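Listed here are the chains, written in short residue letters.
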Amino acid sequence: MVQEAAGSTLRSPGISRRSFLAWSGLLGAGVALSGCAPHVEDEKASTEEPATTFEYDTVTWSGCHVNCGSRCPLKMYVKDGTVVRVGNDNDGTDDFEPGGIYQMRSCVRGRTNRQRIYNDTRVQKPLKRAEGTKRGEGVYDEISWEEAIQTIADTMKEIKDEYGNDAFYIQYGTGQLGGSVAKSWHPDSTAFARLMNLWGGYLRHYCDYSTGQINWELPLFNGDAYSNNEVTDLVNSKNIILFGNNPANTRMSGSAMQYLITQVRLQNPEAKIVVVDPHLSDTAVGVANQWVPIHPGTDMALVAGMIHYLHTNGKLDEAFIRDKFVGFYSDTFIEDVKQAEPKDTTFMGFDKDGALEITEDLSYEAYLMGTGAYAGSGEKTPEWAAAITGVSADTIRELADLFVDGPTATIQGWGPQRHSNGGNNARAIAMIATLTGNVGISGGGTGAREGTGGVPYKVATAIPTFPEKNGVDVCVSFFDWYQAIEDYQSMNDATWGVRHIDETGTTSYAETPGEITLKAPIKFIWNYASNVMMGQHADINECLRIYNLPDEKDSGVRMIVTVDCYLTPTALVSDIILPGTTAFEEDDIITGGSAWTGFVCCETAAIDPLFEAKPVYEICTLIADKLGIKDDFTEGKSQLDWVQWCYEQGVEAGEDLPATFEEFREQGLFKKTDDHTPAIAKPEKIATPSGKYEVFSKQAYNLSQQWDLTCGGYVPDDGRDQITGLPIYYSNVEGFGDEETKATYPFQLIGHHTKTRTHSSYGNVEWLKSVAPQQCWINEQDAAELGVKNGDDVVVTTERGRTQLSAKVTPRIMPGVVSIPQGAWYDPETRDPETLGSKDVLDKGGCISVLTSMRPTPISKGNGVHSNLCKIEKA
Ligand SMILES: Nc1nc2c(c(=O)[nH]1)N[C@H]1C(S)=C(S)[C@@H](COP(=O)(O)OP(=O)(O)OC[C@H]3O[C@@H](n4cnc5c(=O)[nH]c(N)nc54)[C@H](O)[C@@H]3O)O[C@H]1N2
Ligand SMILES: Nc1nc2c(c(=O)[nH]1)N[C@H]1C(S)=C(S)[C@@H](COP(=O)(O)OP(=O)(O)OC[C@H]3O[C@@H](n4cnc5c(=O)[nH]c(N)nc54)[C@H](O)[C@@H]3O)O[C@H]1N2
Ligand code: SF4
Ligand SMILES: [Mo]
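Thresholds, definitions, all that
Residues numbered from 1 in each chain as written. Chains lettered and ligands numbered in written order. Predicted model: local features only at pLDDT ≥ 70, side-chain atom pairs only at ≥ 80, totals over all residues. Heavy atoms only, no water. Helix = DSSP H or I, 4+ residues; strand = E, 2+ residues; numbered from the N terminus. Rg over C-alpha atoms; globule rule 2.2 N^0.38 Å. Buried < 20%, exposed > 50% of the residue type's maximum accessible area, 1.4 Å probe, protein only. Contact = heavy atoms within 4.5 Å. Areas by Shrake-Rupley, 256 points an atom, 1.4 Å probe, with all protein chains shown as cover. Axes fitted to C-alpha atoms, helices over the stretch in contact; angles between N-to-C directions. Parallel < 35°, antiparallel > 145°, perpendicular 65-115°, else oblique. Left-handed = near helix turned anticlockwise from the far one by under 90°. Nonpolar A, V, L, I, M, F, W, Y, C, P; charged D, E, K, R; others polar. Salt bridge = Lys/Arg side-chain N within 4 Å of Asp/Glu carboxyl O. Domains from an automatic or database assignment. Buried area = accessible area lost by both parts, 1.4 Å probe. Polar contact = N/O pair within 3.5 Å; in protein donor to acceptor, adjacent residues only side chain to side chain. Expected span 1.5 Å × (residues − 1). UniProt positions renumbered as here; feature names shortened; annotations may be inferred. Pairing = 2+ DSSP bridges.

A. Just the overall build of the chain, in detail. The helix and strand inventory of the chain stands at 28 helices and 32 strands. In terms of overall size, the chain behaves like a compact globule, its C-alpha atoms giving a radius of gyration of 27 Å where 875 residues would be expected to give roughly 29 Å. Here the C-alpha coordinates of the chain stretch approximately 80 × 65 × 65 Å along the principal axes. Buried positions account for 64% of the 875 residues belonging to the chain. Residue pairs at least 24 apart in sequence account for 75% of intrachain contacts in the chain once pairs closer than 6 positions are excluded. Surface accessibility of the chain: about 30100 Å² in total, with carbon and sulfur atoms responsible for 48%.

B. Quick peek at the packing of helix α5 (residues 191–198) against helix α21 (residues 616–626). Contact geometry of α5 with α21 gives a least axis separation of 9 Å together with a crossing angle of 20°. The angle between α5 and α21 falls in the class roughly parallel. α5 and α21 meet at a crossing whose hand is right-handed. Between α5, through A191, F192 and L195, and α21, the contact on the second element is made entirely by Y617, C620, I623 and A624. Its residues assigned to classes, the contact of α5 with α21 shows seven nonpolar, no polar and no charged.

C. Quick look at the pattern of salt bridges. For the coordinates displayed, the defined rule picks out 41 salt bridges. A salt bridge links D89 to K671, with the shortest nitrogen-to-oxygen separation between them at 2.6 Å. Residue D89 is located in the loop between β6 (82–88) and α2 (108–111), and its partner K671 is located in strand β24 (residues 669–673); the two are separated by 582 residues in the primary sequence. On the basis of relative accessible area, D89 is assigned to the buried category, the value being 1%.

D. Layout of the domain arrangement of the chain. Considered domain by domain, the chain is made up of domain 1 (17–116), domain 2 (127–211 + 467–671), domain 3 (216–453 + 682–706) and domain 4 (739–874). With 14 residues of domain 1 in contact, the opposing surface of domain 4 contributes 13 residues. Counting the surface domain 1 buries against domain 4, the share from its top three residues, R109, Q115 and R116, is 55%. Seen at the junction of domain 1 and domain 4, the total is zero salt bridges. Remark: the boundary between domain 1 and domain 4 carries six residue pairs in polar contact (both at pLDDT 80 or more). The set of elements that each furnish at least two residues to the side of domain 1 that touches domain 4 consists of α2 and α3 (113–117). Considering every element that reaches the side of domain 1 that touches domain 4, the biggest residue donor is α3, with four residues.

E. Here's a closer look at the environment of V235. Turning to its location among the elements, V235 is positioned in the loop between α6 (214–222) and β11 (239–243). You can call V235 partly exposed: its relative accessible area is 28%. Each C-alpha atom, one on V235 and one on Y488, is 51 Å from the other, the two residues being 253 residues apart in sequence.

F. Quick peek at helix α10 (residues 299–312). A rise of 1.5 Å per residue sets the reference length of α10, with its 14 residues, at 20 Å; its end C-alpha atoms lie 20 Å apart and thus fit the reference within 8%. With respect to burial, α10 is a largely interior element, 13 of its 14 residues being buried. In the stretch just after α10, G314 is the one whose phi turns positive, near 65°.

G. Geometry of the UniProt feature "domain: 4Fe-4S Mo/W bis-MGD-type" (unreviewed entry) in the chain. In this structure's numbering, the residues bearing the UniProt feature "domain: 4Fe-4S Mo/W bis-MGD-type" (unreviewed entry) are residues 57–121. Secondary structure across residues 57–121 divides into 14% helix and 34% strand, with the first and last C-alpha atoms of the span separated by 27 Å.

H. Structural view of the pairing of strand β23 (residues 597–603). Among the seven residues that make up β23, seven are buried, leaving the element largely enclosed by the rest of the structure. Strand direction decides the pairing type here: strand β22 (residues 588–594) and β23, joined by seven bridges, are antiparallel. Note that in β23 the partner of I590 across the bridge is C601. Between the antiparallel neighbours β22 and β23 lie two residues, among them A595 with a positive phi of about 50°. Of the strand pairs in this sheet, β23 and β24 are connected by five bridges, and their pairing is antiparallel. Directly across from C601, in β24, lies its bridge partner L669.

Next comes the structure, spelled out in C-alpha cells:
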C-alpha cells in the first residue's frame, strides 16, 4: 500500500476512522467518563480554582522530557487503558527560601499531553520511502518491523564495509532530552551511541543548537561559558540587567527560572530590572522596570557606547583593570597581549611558529577612542552606539551608570549569541559585567546565563554508552553535518572547524591549520527524537537539495532513519520511519529541580505503546541482534533493569532512597531540600592563556589570520564574516548594517522561543495552537506602512524562501524588526518532486527555518539563525 502525506496536512497514513473518532471524543474539553471506577479524585489544585471530578483506574508518575530547560513530573490518570487526565506535582509549598520544598508544577504544555498521545500525526507502523520518490515527497510504504530492522542492519553493514565508521552520524535531537534510558540528548549518551561504540564508533559533533556561539566565544574572554551567580542571589542585587533573556517563555515550570525570578521580584521589590531585547517579552512585561529595545545583533555596540562613557568619565577602576585584564589600555597593549598567546592545542588559534606577533595597537581603548589601528574609525560614543543599536544616547548613559552603581547582576539569554556575529555579542555582554567589578560578589554576576542551582539526586541519568572506545577521532560542529553529506573533502579545521576528539569527548585544535580532516562522507544518519533536519536546522530548501544529492562515492547520503512518535517534517525526508513510543508508554527515570528543591522521579509506563510503537531501547536491541552484538549491547538487561541500575547508582552514592527498587518505583516522586547559601560565581583560575580576562583575545586574532572564512569556497568572500580580537560590532551577514541586502529585504527577522511549543514539540497540539496561534510579530508603524492589519496573512521572504502566517501587529516589537516564533512545522503548499527545494515554494506553516541561513558563524561554525533580513508582503 502506498500512502501519501498531503502537502498541507501530515496525517498518519494508516489511521483508521474508528480509532480517530474514538480519540476525537476524548479530546473534547471536560471529558466525563462513566462506569464503576475504583477511584474518584478531586484533583487538588494549588490555586483557588474549583476542583474537577473525574474517574480513573490507575495513576502513575511519568514526566515531560522535551527540551525546554525544565523537567516536569506528570501524573498520568488512566481509565480503561486510556489516559483521561494529566496532572502535575501538587505537593509541597510555594516557599522560596532555604529548606523550602516547592511544587515541581508543569507548564500548560505538559498538561496537554493527552493531545500528544492521541494525535492524528502519530506514526503507527514502520514506513519505508516509496521506491523512485524523492526525500521530502512524503510517499511511504508500510513495512513490517522485521523488514525495517533487516533493511537498516544490512545498509549499515554495507556502509561500514565501504566507508568505515566515519560515515555514521547521530543527529542532534532533544525531544527526549529528559529521558535516561530513552535519552535523545546528548547524542553521545544515547542507546544508539552505545550500539555504535560497540560496533566501532561514529562521527560525533561538538556543541549544540542552544549555545553554538557563546560556548566557544565567551571563554575567549573569561575561560567559562556558563558560570553565573545562582539566581536566588538576585535578592541581593540593586540592578538586574537581562540581555535577550526571556524566562517567562523559556523557563516556564515550577522548577525553573521564571518561578524564581518572579519570587525575586516579590522579595526584592527595590531592584531595578531592565530587559534589553528587540521585543517586549513576557518577562519584560511581567517583572521589568524598563524595556530597552535594541536592534538584533548590536549589543556589542551598546556595550562599547557604555564603556566609552564610563571610561571617558573616569568611572572605571583603572588599577583593577590593569591588574586583571589583558588588552584594554593602549599604553601596555603590545606587552600585555604577549601573555595571551595560546600555549598549546587545547586553545584555539595555537600559533606553533610564533609568527603572528602583533605590532600595532589593537586595544579596546584604541577602538573606543578611534586611535592606533582604529585611527579614522571615530570615537565609539553613546551617540555612535545609538545610531547602530536604536537605543538613545541618554538611555545608554543611564544604563551604563547602573553597572557602576551596583551590585548589578548581568544575565544573558542565548538569543544574543544566535547571530552571525553572536560570539562578539556574548563576549561584550560579559565584558561590561566584569570590567565594572560585578563578578565574584553577591548581587552581581558574570553576564552568562543564570545559574539555577538545585539539590541534585545522584542517580544515573544515562546508561553507559562507551563500553568501547569510539574509533572515530575527529568531530564536526553540530551545525555543519550537511556539508559532510555534500563535500566532506572540503572540511578541515581551518575551513569548517573540524576538531580532534578523545574518548572523554574533549576536543582539541590543530597545530598547523588544515591538518585535521574528515575521512568519509556521511552516508548514514540516525534521528531519534529530532526535528533538526527539516525544522530546527536552517534553510529548508537548501537542505532538500542536499538530501536529494545522488548517492555517489564521495557525496550523497544513503540512509536516513528517523525514530519519532509523529510524522514530522523530518520524518518525511527519511528513508525509514520507525514509530517511537511517547514518554508515557515506557519506563524511565528523571531528575531535576532548582534553587533549594531537587527531585527524582521513577516513571512507569501509563499505557501500552499505541499501534506498533516501540521504545528506542528495544529498537536498538533489535538492530544489535542483527549486527551480532545483542548480548554486549543489553548485558542481559531490559529497559526496566536499566532504570533500576540508574536508581542503584544513586543508592551506592549514598542517596537517601528506599531500600528496594520496588518501593522506589511504587512511590515514584521524591523531593529533597537543603539550606545552602546561593552560589556566587568566582573563578579561582581564569582559564584563558594569560590567566586574566582577555578583552583582546590573541586566540581569536590568530584565527583571523589562520582560518579560511570562505569555508573552502562555500561561503562568499564578501567581508561580512569577521573574526576580531576584540568583541566589537561589525556589519555582519544580514545584520543591522547590511545595507546591500536591506535594499531588497528591509526588515531584521529574529525567531524567539514561544510558549506554544518547545521547539517543534507540542506543535501538533490543537489546544495550544488555539491559545497562541503562530504569528509574525510586527510593529504598528511598519504594519501601517505596509497596509497590514492585525490578523492579516502575510508572506515573509528572505533570499532563501517564503513562508505565510498571520501578522501580530503590536507595539511590543521595535520598528524595523519582526519575529517569527521558531519551531512551527514546515508545511509546503506542494510536495511536487519537480519543485521540491525551490525557493518559490510557499511554506504555509509559518516555519522560520525556510527563511534562515546555513552560513556558519566565523569562529564557532554554528547557527547564526537570528540574523536574517526579510521583506513582508500582504498575502
Ligand atoms: N517555551 C519554550 N521554552 C523553551 C524552548 C522552547 O522552544 N519553548 N527552548 C528551550 C531551549 S532548548 C533553549 S536553548 C532556550 C532558548 O533560550 P534563548 O536562546 O534565550 O531564547 P530566544 O527566544 O532565542 O532568545 C531570548 C531572547 O533574546 C532576544 N534576542 C534575539 N536577538 C537578540 C539580540 O541580538 N540582542 C538581545 N539583547 N536580545 C536578542 C529575543 O527577542 C528573545 O526574547 O529556551 C528553552 N526553553
Ligand atoms: N530558527 C531557529 N532554529 C532553532 C532555534 C532558534 O532559536 N531559531 N533554536 C535551536 C535550539 S536552541 C534547539 S535546542 C533546537 C531543538 O531542535 P530539536 O532537538 O529537533 O527539537 P524539537 O523540534 O522539539 O524536536 C524533537 C523531536 O522529538 C520528537 N519527540 C518528542 N517526544 C518524543 C518521544 O517521547 N519519543 C520519540 N521517539 N520522539 C519524541 C518530537 O516529535 C520532535 O520531532 O532547535 C534549534 N533551532
Ligand atoms: S514543556 Fe517544559 S515546563 Fe512544560 S511541562 Fe514540559 S518540561 Fe515542564
Ligand atoms: Mo536549545
